[in-house]
Amino acid sequence: MRLSAQADYAVVMLAAAARHCGVTGRLNATLLADETGLPLPTVQKLVSRLSAAGLIESARGTGGGFRLARPPATITLADIVEAIEGPIALTACVETGRHDCCIEQSCRVKPHWNDVNASVRGALANVTLATLSTQAELA
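A short tour of the structure in this document, coming up. Fair warning: this is a prediction, and the values are worked out from it, not measured in the lab.

Conventions adopted
Residue numbering note: each chain is counted from 1, following its sequence as written. In view of the model being predicted, local features appear only for residues whose pLDDT reaches at least 70, and side-chain atom pairs are presented and counted only at 80 or more, with totals across whole chains, interfaces and linings using the full set of residues. To get the side-chain values, take all heavy atoms of the structure and skip hydrogens and water. Note on definitions: angles span 0 to 180 degrees between N-to-C directions of axes, and those axes are lines fitted to C-alpha atoms, for helices only across the stretch in contact. Think of it this way: any DSSP run of H or I at least four residues long counts as a helix, any run of E at least two long counts as a strand, and we number them from the N terminus. These descriptions rest on fixed angle ranges, namely under 35 degrees for roughly parallel, over 145 for roughly antiparallel, 65 to 115 for roughly perpendicular, and the rest for oblique. Any pair of residues with heavy atoms lying within 4.5 Å of one another is described as a contacting pair. Classification used: nonpolar for Ala, Val, Leu, Ile, Met, Phe, Trp, Tyr, Cys and Pro, charged for Asp, Glu, Lys and Arg, polar for all others including Gly. The set of buried Ala, Val, Leu, Ile, Met, Phe, Trp, Tyr and Cys residues whose side-chain atoms join them within 4.5 Å is what this entry labels a nonpolar core. Only protein chains enter the accessibility calculation, which uses a 1.4 Å probe; a residue whose area is less than 20% of its type maximum is buried, one above 50% is exposed, and one in between is partly exposed. For patch detection, residues must exceed 30% relative accessible area and be free of salt bridges, and they are connected within 9 Å for like charges or within 5 Å for nonpolar side chains (Val, Leu, Ile, Met, Phe, Trp, Tyr). Residue burial considers only the protein chains on display, and all accessible areas are found by Shrake-Rupley using a 1.4 Å probe. Every case where a carboxyl oxygen of Asp or Glu lies within 4 Å of a side-chain nitrogen of Lys or Arg is listed as a salt bridge. Being paired, for any two strands, means DSSP has found at least two bridges between them.

**Some remarks on the packing of helix α4 (residues 77-85) against helix α5 (residues 110-125)**
Line of reasoning, step 1. Contact pair α4 / α5: the axes reach a minimum separation of 6 Å and the direction vectors enclose 120 degrees. Relative to α5, the element α4 is oriented oblique. Note on element contacts: α5 touches α4 through Arg121, Leu124 and Ala125, opposite Leu77, Ala78, Asp79 and Glu82.
Line of reasoning, step 2. The class makeup of the residues in the contact of α4 with α5 is four nonpolar, no polar and three charged.

Set out below in structure tokens:
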């Protein structure tokens with residue numbers, strides 16, 4: 001299992017935003033692009049998606065920009081991943097309305113996938129943006 005580049009970038013971007021939490025009123029995409037090394041168009045696209053998911057609040061115009069919608073300790077890695085990737089599901093067979101698996105009728109593993117998905121989501125939900133935003137030693 002691997003996160004998409006967009007989900008990874010969203011985590012990096014929000015961790016940087018969390019480090020500014022309480023220090024500056026609002027951030028802008030240019031500042032985050034400079035700080036993270038992400039391309040400005042990518043940051044702008046992610047701001048839009050994260051805003052739609054309710055993880056950041058944005059305002060346009062003079063004095064505009066964006067900020068986290070909640071304290072970093074209440075935003076989890078699961079929240080960020082789901083904002084970009086959608087619901088956490090390791091297989092498509094548990095998605096409602098999907099019936100495109102050739103072994104669906106005889107699969108003995110399918111009944112267990114919801115538990116597996118819940119475990120993965122739970123692990124991601126135990127990591128907060130507050131933890132991810134702390135300065136760690138770079139190896």
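**Here's the deal with the nonpolar core**
Line of reasoning, step 1. Core analysis: the biggest nonpolar cluster contains 32 residues, and Met13, Leu14, Val43, Leu50, Leu68, Ile80 and Leu129 have the highest contact counts within it.
Line of reasoning, step 2. Of all the secondary structure elements, the ones that give two or more residues to this core are α1 (5-20), α2 (29-36), α3 (40-52), β2 (65-68) and α4.
Line of reasoning, step 3. Among the elements that take part in this core, α1 stands out by supplying nine residues, more than any other.

**Section: a nonpolar patch on the surface**
Line of reasoning, step 1. On the surface, a cluster of nonpolar side chains totalling about 300 Å² of accessible area is made up of Met1, Leu90 and Val116.
Line of reasoning, step 2. Its place among the elements puts Met1 in the segment before α1.

**As for the pairing of β2**
Line of reasoning, step 1. Relative to β2, strand β1 (residues 56-59) runs antiparallel, the two being bridged by four bridges. Its bridge partner lying in β2, Ala59 is registered against Gly65.
Line of reasoning, step 2. What sits between β1 and β2 in their antiparallel hairpin is a turn of five residues, with Gly61 showing a positive phi close to 90 degrees.

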